[in-house]
Amino acid sequence: MEDNRFMSEAIRLSKESVIKHNGGPFGCVIVKNGEIIAKGLNQVTQQNDPTAHAEIVAIREACKKLNSFQLNDCDIYTSCEPCPMCLSAIYWSRPKKVYYANTHDDAAKIRFDDQFIYEEIKLNIHQRKLPFEQMMRSEALEAFDLWEKKSDKTKY
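Keep in mind the model is a prediction, meaning the values are calculated, not measured.

As for the pattern of salt bridges
In total, this model carries seven salt bridges according to the counting rule given. A salt bridge links E9 to K39, with the nearest nitrogen and oxygen atoms 3.0 Å apart. Taken together, the residues span a long stretch of sequence, with E9 in helix α1 (residues 2-19) and K39 in strand β2 (residues 35-41) at a distance of 30 residues. You can call K39 partly exposed: its relative accessible area is 36%. D152 is paired through a salt bridge with K150; the nearest N and O atoms lie 3.0 Å apart. The class of D152 is exposed, set by a relative accessible area of 57%.

So this is what it looks like as structure tokens:
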């Protein structure tokens, strides 16, 4: 079954990430028309980049290859249920389907626990553990006004 081949590659990448000291045990492949068009493995510690999760790395590569900011008609195979950041990026990229192997509970058992982020998202911005302070809203709204009036914008 093709799906097994693609998931096996995502799992292989997750193991490679551990062996090569790139970061956590996570891998991802993106498939279009039955062909792998992008691969990603976790590179957080290798690149000193907290956003270099396997899914983000693969999405960036796939979008470059497709010359598009959307993954229309693509499937994502990831070795673990996506964290909140990757889940958001996946939704923004609009793939056709996501397949995953390990669950976020499996990840939590090895101390990759994202539950606190899910809990923080539910809270009012002023109740979150990380302090947020709004400033210069009226000046920032000028960019939104420019965008709203722009006739040649690329919508997404």
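Further notes follow.
Comments concerning the sheet that holds strand β4 (residues 97-102)
Here we have four strands laid out as an open sheet, ordered β2-β1-β3-β4, and mixed in their pairing. At either margin of the open sheet sits one strand with a lone partner, and together these are β2 and β4. Shown here is a sheet whose adjacent strand axes are inclined to one another by a mean of 15°, direction ignored. Taken together, the five bridges between strand β1 (residues 27-32) and strand β3 (residues 74-80) define a ladder with antiparallel strand orientation. Looking at the pairing, V29 lines up with Y77 of β3.

Conventions and cut-offs
Residues numbered from 1 in each chain as written. Predicted model: local features only at pLDDT ≥ 70, side-chain atom pairs only at ≥ 80, totals over all residues. Heavy atoms only, no water. Salt bridge = Lys/Arg side-chain N within 4 Å of Asp/Glu carboxyl O. Helix = DSSP H or I, 4+ residues; strand = E, 2+ residues; numbered from the N terminus. Buried < 20%, exposed > 50% of the residue type's maximum accessible area, 1.4 Å probe, protein only. Pairing = 2+ DSSP bridges. Axes fitted to C-alpha atoms, helices over the stretch in contact; angles between N-to-C directions.

Read these as spatial facts, not as claims about activity.
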